Amino acid sequence: MTTHTAPVPTTTAPAAAPAARRRRVRPGRLGVHAFLMAVSLAFLAPLLLAVYASLRPYEETSRDGYFSLPKHLSFAYYKQAFTDSGMTKYFVNTLIIAVPGVILVLFFAAFVAFAVSRLKLRGGMVLLMLFTAGNLLPQQVIVTPLYVVFNRIPLPYWMSDSMTMFDSYWAVIAVQVGFQIGFCVFVLANFMRTLPQEILEAAIVDGAGVWTQYWRITLPLCRPALAALATLQFTWMYNDFLWALVFMSDGDKLPITSALNNLRGQFFTDYNLLAAGSVIVALPTLIVFLLLQRHFIAGLTLGSSKG
């Protein structure tokens, strides 16, 4: 004789899932996202307006205004801005300054940061404070002394046409390295302090010297921080205009930021053409950030959480 039992009704969880999802949406979170979107749009608004203006004829914007609907869009201004300003030459000049400057800054800063953070160096904290305090000095204060000094430092002809550091790339590179190295030392020293000390202790037990500890152990672990600093330093050196303007008298040696002056007329300035040139000038820094974005974000967020 067989007995049949009625199936026991079971409750399903999917009905509770939407309610759980609804509970996760908090007014505070929505407010934070709205605030971040508003700030992002505020920062992007000038760039978006420049791109929009660069695609429109100047006659149209002067008649209807920059915030009017377009009647004709084209990339003609970009071609004109690139050819009229001679940007190829200025791009090369900027790379001659920025690329060696970034390499030298990171090279020297990594040495100093390793010495003050990983080695038992007497006065290491005082040295770190001195490098950090150097960033607090306004750059404009030493423009005149550096101008006088660079005019008196001799260089061979193959290094400078003027036979001095003045009117040469060396002067701009030296100033960039001198001013940026303090910030990089501060960041790298604090980054290296977060690395486990046991790694170096194990290397010392295995017979590793100071150079091996620096080059083969510590430096590879600092790749995110170095990438983040490389992105920042390239952006700052690329956008700098003051030092090249002060220490260079030859217009053919000026960096890309000076190429925009070639788009300004004596009696009339086409601001749409100038906007196109500004967008072209800004593209290299955007490309560098996109290429190093993963390392840049990793370098900024490392150490923000424990464990």
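Asker: Just to check I follow, could you spell out the overall build of the protein chain for this structure?
Answerer: Each helix and strand in the protein chain was counted, giving 14 helices and zero strands. In sequence order, the protein chain lays out its α and β elements as α-α-α-α-α-α-α-α-α-α-α-α-α-α. Within the protein chain, counting contacts between residues at least 6 apart in sequence, those at least 24 apart form 70% of the total. By element, 69% of the accessible surface of the protein chain is carried by carbon and sulfur atoms, the whole surface being about 19,300 Å².

Asker: Would you mind going over the environment of threonine 231 with me for this structure?
Answerer: Counting through the fold element by element, threonine 231 comes out in helix 11 (residues 223–239). Distance in space between the C-alpha atoms of threonine 231 and leucine 292 is 7.1 Å, their sequence separation being 61 residues.

Asker: Hey, could you run me through the nonpolar core in this one?
Answerer: One recurring pattern in soluble globular proteins is that nonpolar side chains are buried together. Of all hydrophobic cores here, the largest spans 67 residues; its most connected members are Met87, Phe150, Leu188, Trp243, Phe247 and Ile256. Of all elements in the fold, only helix 4 (76–84), helix 5 (87–117), helix 7 (143–152), helix 8 (169–193), helix 10 (210–221), helix 11, helix 12 (242–247) and helix 13 (271–291) reach the threshold of two or more residues within this core. Residues within four places of phenylalanine 150 in sequence aside, it is in contact with Thr164, Met165, Phe166, Ala171, Val175 and Phe247.

Asker: Explain helix 7 here, please?
Answerer: A turn of α-helix holds 3.6 residues, and therefore any two residues three or four places apart point the same way. Within helix 7 the residues assigned to the buried category are Val143, Leu146 and Phe150. Angular distribution of buried residues about the axis of helix 7 spans 65°; they occupy a single face of the element. Summarising the geometry of helix 7, the exposed residues directed more than 90 degrees from the buried face are Thr144 and Arg152. The elements touched by buried residues of helix 7 are helix 8 and helix 12.

Asker: Just checking my understanding: could you explain the side chain of serine 258 for this structure?
Answerer: Within the fold, serine 258 resides in the loop between helix 12 and helix 13. Not counting residues up to four positions away in its chain, the partners in contact with serine 258 are Tyr90 and Phe241.

Asker: Hey, could you run me through unusual backbone geometry in this one?
Answerer: Across residues other than glycine, the phi torsion is negative in most instances, and most of the peptide bonds are trans. Its identity as a non-glycine residue notwithstanding, methionine 163 has a phi of 65°, on the positive side. Owing to a relative accessible area of 42%, methionine 163 belongs among the partly exposed residues under this scheme.

Asker: Is there a simple way to think about the pattern of salt bridges in this case?
Answerer: Two side chains that carry opposite charge are able to pair once their charged atoms sit near each other. Across all of its chains, the model carries five salt bridges by this definition. In this structure, the salt-bridge partner of arginine 63 is aspartate 64, at a minimum N-O distance of 3.4 Å. By relative accessible area, arginine 63 is classed as exposed at 55%. The exposure class of aspartate 64 is partly exposed, given its relative accessible area of 31%. Salt bridges sharing partners connect three or more residues here, namely Arg63, Asp64 and Lys71.

Asker: Looking at this model, I keep getting lost on the environment of arginine 223. Mind explaining?
Answerer: Among the secondary structure elements, arginine 223 is positioned in helix 11. Here the alpha-carbon distance between arginine 223 and phenylalanine 296, two residues 73 residues apart in the chain, equals 9.7 Å.

Asker: Help me out: how do you make sense of the packing of helix 9 (residues 197–205) against helix 10 in this one?
Answerer: A pair of packed helices can be characterised by two numbers: the angle between their axes and the separation between those axes. Here helix 9 crosses helix 10 at 160°, and the two axes come no closer than 11 Å. By the criterion of interaxial angle, the relationship of helix 9 to helix 10 is roughly antiparallel. At the point where helix 9 passes helix 10, the crossing takes the right-handed sense. On helix 10, the residues touching Ile199, Leu200, Ala203 and Ile204 of helix 9 are Gln213, Ile217, Thr218 and Leu221. For the contact of helix 9 with helix 10, the class distribution of residues is six nonpolar, two polar and no charged.

Asker: Mind showing me how you'd approach the packing of aromatic side chains here?
Answerer: The geometry of an aromatic ring pair comes down to the distance between the two centres and the angle between the two planes. All told, the structure shown has 15 aromatic pairs when counted by the stated rule. Aromatic side chains phenylalanine 75 and tyrosine 78 sit 5.9 Å apart centroid to centroid with 45° between the ring planes, which places their arrangement in the tilted category. On the accessibility criterion, tyrosine 78 (15% relative accessible area) is buried. Pairing phenylalanine 107 with phenylalanine 111 gives two aromatic rings, centres 4.9 Å apart and planes at 80°, and the pair type is edge-to-face. Taken as a pair, phenylalanine 107 and phenylalanine 111 lie in helix 5 at a separation of four residues, close to a single helical turn. The exposure class of phenylalanine 111 is partly exposed, given its relative accessible area of 32%. Three or more aromatic residues joined by ring pairs make a cluster, and in this case those are Phe107, Phe108, Phe111, Phe114, Trp211, Tyr214 and Trp215.

Calculation rules
Residues numbered from 1 in each chain as written. Predicted model: local features only at pLDDT ≥ 70, side-chain atom pairs only at ≥ 80, totals over all residues. Heavy atoms only, no water. Helix = DSSP H or I, 4+ residues; strand = E, 2+ residues; numbered from the N terminus. Contact = heavy atoms within 4.5 Å. Areas by Shrake-Rupley, 256 points an atom, 1.4 Å probe, with all protein chains shown as cover. Core = buried A, V, L, I, M, F, W, Y, C linked by side-chain atoms within 4.5 Å. Buried < 20%, exposed > 50% of the residue type's maximum accessible area, 1.4 Å probe, protein only. Arc of directions from axis to C-beta. Salt bridge = Lys/Arg side-chain N within 4 Å of Asp/Glu carboxyl O. Axes fitted to C-alpha atoms, helices over the stretch in contact; angles between N-to-C directions. Parallel < 35°, antiparallel > 145°, perpendicular 65-115°, else oblique. Left-handed = near helix turned anticlockwise from the far one by under 90°. Nonpolar A, V, L, I, M, F, W, Y, C, P; charged D, E, K, R; others polar. Phe/Tyr/Trp six-rings, centres within 6.5 Å; stacked < 30°, edge-to-face > 60°.

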